[in-house]
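One-letter residues, chain by chain:
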Amino acid sequence: MTNKKTRLEILVITLAFGIMFLGCEIEPDEPTYTVWTDSVSYTEFYNAFGTLNDGYYIRYEFTSYEWGKISQTLTNEGKYNWTESEIKNWFIGRGFGDYEANKEKAWLMTIGHGFIASRSGSIVYMILK
């Protein structure tokens, strides 16, 4: 009886620790970055920013003043906390080649705040950090 009771106690303790650790948030291996993504029609983009040829992209680094103004308008819609690999995957999913995706991801990671807009036909995809 004591042997069964001891095994039962060990099982209960093991389960308790397992449940405890499931409730803990585990730190990711990679740091995460807050980004916003969106897409607009080319007409909307053109009216706000000007020409962007189909199949091309632009990037822009915000000044502290610009970021202060822009950040006040941002909501949780399209907001993500992504790792560098998730950001790269966003670029790949928008038609960037591996070299360009790595290059633009690296640029985005090294600046304070900025955005990249990429045109595909009548849609412009944007990522902002």
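Residues numbered from 1 in each chain as written. Predicted model: local features only at pLDDT ≥ 70, side-chain atom pairs only at ≥ 80, totals over all residues. Heavy atoms only, no water.

A. Molecular detail of the confidence of the model for the chain. Confidence along the chain averages 87 in pLDDT terms, with 78% of residues attaining 70 or more. Model confidence for the chain, summarised as mean pLDDT per element, is weakest for helix 1 (residues 2–22) at 53 and strongest for strand 5 (residues 123–128) at 98. (pLDDT = per-residue confidence, 0-100. Helix = DSSP H or I, 4+ residues; strand = E, 2+ residues; numbered from the N terminus.)

B. Fine view of the pattern of salt bridges. What the rule picks out here adds up to 4 salt bridges. Where E104 meets K103, a salt bridge forms, and the shortest distance between an N and an O atom there is 3.8 Å. Taken together, the salt bridges that share partners define one network made up of R59, K103 and E104. (Salt bridge = Lys/Arg side-chain N within 4 Å of Asp/Glu carboxyl O.)

C. Main features of the side chain of R119. As for its position among the elements, R119 is in strand 4 (residues 114–120). Buried charge without a salt bridge: R119, with D54 as the nearest opposite-charge side chain at an N-O distance of 4.5 Å. A polar contact is formed between the side chain of R119 and the backbone oxygen of G121, at a distance of 2.7 Å. Apart from residues no more than four positions distant in its own chain, R119 is found in contact with Y42, L52, N53, D54, G55, Y56 and V124. (Buried < 20%, exposed > 50% of the residue type's maximum accessible area, 1.4 Å probe, protein only. Lys, Arg positive; Asp, Glu negative; His and termini not counted. Polar contact = N/O pair within 3.5 Å; in protein donor to acceptor, adjacent residues only side chain to side chain. Contact = heavy atoms within 4.5 Å.)

D. Highlighting the layout of surface pockets. By volume, the largest pocket amounts to about 320 Å³. Along the wall of the largest pocket there are 14 residues; nearest its centre are W36, D38, L74, M126 and L128. Elements represented by at least two residues in the lining of the largest pocket include exactly strand 1 (32–41) and strand 5. Of the residues assigned to the lining of the largest pocket, the class counts are 8 nonpolar, 4 polar and 2 charged. (1 Å grid on protein atoms, 1.4 Å probe; cavity = no way out; pocket = protein on both sides within 12 Å on 5 of 7 lines; lining within 4 Å. Points joined across faces, edges and corners; volume = space filled by probe spheres on them. Nonpolar A, V, L, I, M, F, W, Y, C, P; charged D, E, K, R; others polar.)

E. Summary view of the nonpolar core. Counting residues in each nonpolar core, the largest one holds 14 residues, and the members touching the most others are W82, I87, F91, L108, I116 and I127. Contributing elements (two or more residues each) for this core: strand 1, helix 4 (84–93) and helix 5 (98–110). Looking at this core, the element that brings in the most residues is helix 5, giving 4 residues. Of all hydrophobic cores here, the second largest spans 12 residues; its members include W67, F115, V124 and M126. (Core = buried A, V, L, I, M, F, W, Y, C linked by side-chain atoms within 4.5 Å.)

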